[in-house]
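Understanding the architecture of this molecule
In case you want the letters, here they are:
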Amino acid sequence: MKSIKDIDITNLPKKRRLVIQYALTHPDKVVLMRMEELGDKLGVNPATVVKACKAIGLNGFYELKEILKEEVQLTRVDSVFSGMIKEVKAHSNPQKVAQDAILGDIMMLQKTYDVIDFETVEKIANAIIGSKQTYIIGLGHIGMVANYMERICRSAVPQIHASTEYHGELFLNMAHFSDEDVVIAICLDKCQNQTINALQFAKENRKATTICIVDSALSPLIDFSDYHVCINSTNSFYFGSMVGAYCIINAIFYSIANILKPHTVAHFKYFRNMSEKENVYKI
């Protein structure tokens, strides 16, 4: 497949050059557009968009979007680290840096709250409750998030397992995926190929209900998910989106707890009574 650097628009007719130039200048916008939307934006018909793509050696608009998507993902990864370096260099006052970090998290959560579809959160909760088994995939540093989701949700539903190892553990769980299961993939910032492959396998080969928690509308996991939740990340720091992920997981858990209210209340009372009986906490 071509890459952006291979595209030459020098000899294209005016309208076709307009289409490709706009795509190269605004790849982050075009990857989220339908062909008709791009045509309306530029004042050309869909046939011109297709002809423009074929004029640069592509099969059509879909292939152009795939190239742009790869470019946006690469740029996004670079911008995360560039942004981190810039932030660290910009301030000499550690208190100011700490303040900015907290304010950034608050803004991220507010933006996430503003766009989140809470009906989807409820559907995810019901899917987990109704599953034979729920498998959470969180590889690398995302393992902390996956383990948190497993532990908090197990207080309401027992059939939940976190996969945080790249090979043996993940492969073993994949062997058990079935159409009665839920498979949840979590990827923030860069998306590991094994996570993508595992979710695709769960959806296409085992017909499981698939869910992803991501921080980009361009995440490749969305294509293999029945439901997804997207965190509106500021991308200032490498671990920034994890705060949003923990918040989303809490929301899913509270939804589960509410749906199973008598059951979860009884569970919490049991935990409290056992804690008191075993003198777990110093009062």
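Source: prediction; values computed, not measured.

Definitions and limits used
Residues numbered from 1 in each chain as written. Predicted model: local features only at pLDDT ≥ 70, side-chain atom pairs only at ≥ 80, totals over all residues. Heavy atoms only, no water. Helix = DSSP H or I, 4+ residues; strand = E, 2+ residues; numbered from the N terminus. Buried < 20%, exposed > 50% of the residue type's maximum accessible area, 1.4 Å probe, protein only. Contact = heavy atoms within 4.5 Å. Areas by Shrake-Rupley, 256 points an atom, 1.4 Å probe, with all protein chains shown as cover. Axes fitted to C-alpha atoms, helices over the stretch in contact; angles between N-to-C directions. Parallel < 35°, antiparallel > 145°, perpendicular 65-115°, else oblique. Phe/Tyr/Trp six-rings, centres within 6.5 Å; stacked < 30°, edge-to-face > 60°. Nonpolar A, V, L, I, M, F, W, Y, C, P; charged D, E, K, R; others polar. pLDDT = per-residue confidence, 0-100. Salt bridge = Lys/Arg side-chain N within 4 Å of Asp/Glu carboxyl O.

**Considerations on the overall build of the protein chain**
A tally of regular secondary structure across the protein chain gives 12 helices and 5 strands. Every one of the 283 residues in the protein chain was classed for burial, and the buried ones make up 41%. Taking all contacts inside the protein chain whose residues are at least 6 apart in sequence as the whole, residues at least 24 apart take part in 71%. If you sum the accessible surface of the protein chain, you get close to 15800 Å²; carbon and sulfur atoms cover 54% of it.

**Focus on the packing of helix α1 (residues 14-25) against helix α3 (residues 35-42)**
Where α1 meets α3, the axes come as close as 11 Å, and the angle between the chain directions of the two elements is 110 degrees. The orientation of α1 relative to α3 falls into the category roughly perpendicular. Across the interface between the two elements, Leu18, Val19 and Tyr22 from α1 touch Leu38, Lys41 and Leu42 from α3.

**Some words on the packing of aromatic side chains**
Inspection of the entire model under this criterion finds 6 aromatic pairs. Look at Tyr135 and Phe177: their rings are 5.2 Å apart centre to centre, the planes differ by 50 degrees, and that puts the pair in the tilted class. Highlighted residues: Tyr135 in strand β1 (residues 134-137) and Phe177 in the loop between α9 (168-176) and β3 (182-187), separated in sequence by 42 residues. Since its relative accessible area comes to 3%, Phe177 is described here as buried. Taking 5.7 Å as the distance between ring centres and 55 degrees as the angle between the ring planes, the aromatic pair formed by Phe253 and Tyr254 counts as tilted.

**Topic: the packing of α9 against helix α10 (residues 193-205)**
Following both chains from N to C, one finds α9 and α10 inclined at 10 degrees, their axes separated by 10 Å at the closest point. Taken together, the axes of α9 and α10 are roughly parallel relative to one another. Each of Leu170, Phe171 and Met174 in α9 lies in contact with α10, whose residues at this interface are Gln194, Ala198 and Phe201. Looking at the contact of α9 with α10 residue by residue, the classes come out as 5 nonpolar, 1 polar and no charged.

**Structural notes on the environment of His267**
By the secondary structure assignment, His267 is in helix α12 (residues 261-277). When its relative accessible area of 27% is taken as the criterion, His267 is described as partly exposed. Once the C-alpha coordinates of His267 and Ser155 are considered, the two residues, 112 residues apart in sequence, prove to be 7.2 Å apart.

**Quick word on the confidence of the model for the protein chain**
Looking at the protein chain as a whole, the pLDDT averages 87, with 90% of positions reaching at least 70. Highest mean pLDDT in the protein chain belongs to β1 (98); lowest belongs to helix α5 (residues 61-90) (67).

**Brief notes about the pattern of salt bridges**
Inspection of the entire model under this criterion finds 4 salt bridges. Put simply, Asp223 and Lys69 hold a salt bridge, and the shortest N to O gap is 3.6 Å. Residue Asp223 is found in the loop between β4 (209-214) and β5 (227-230), and its partner Lys69 is found in helix α5; the two are separated by 154 residues along the sequence. Overall, the relative accessible area of 18% leaves Lys69 in the buried class.

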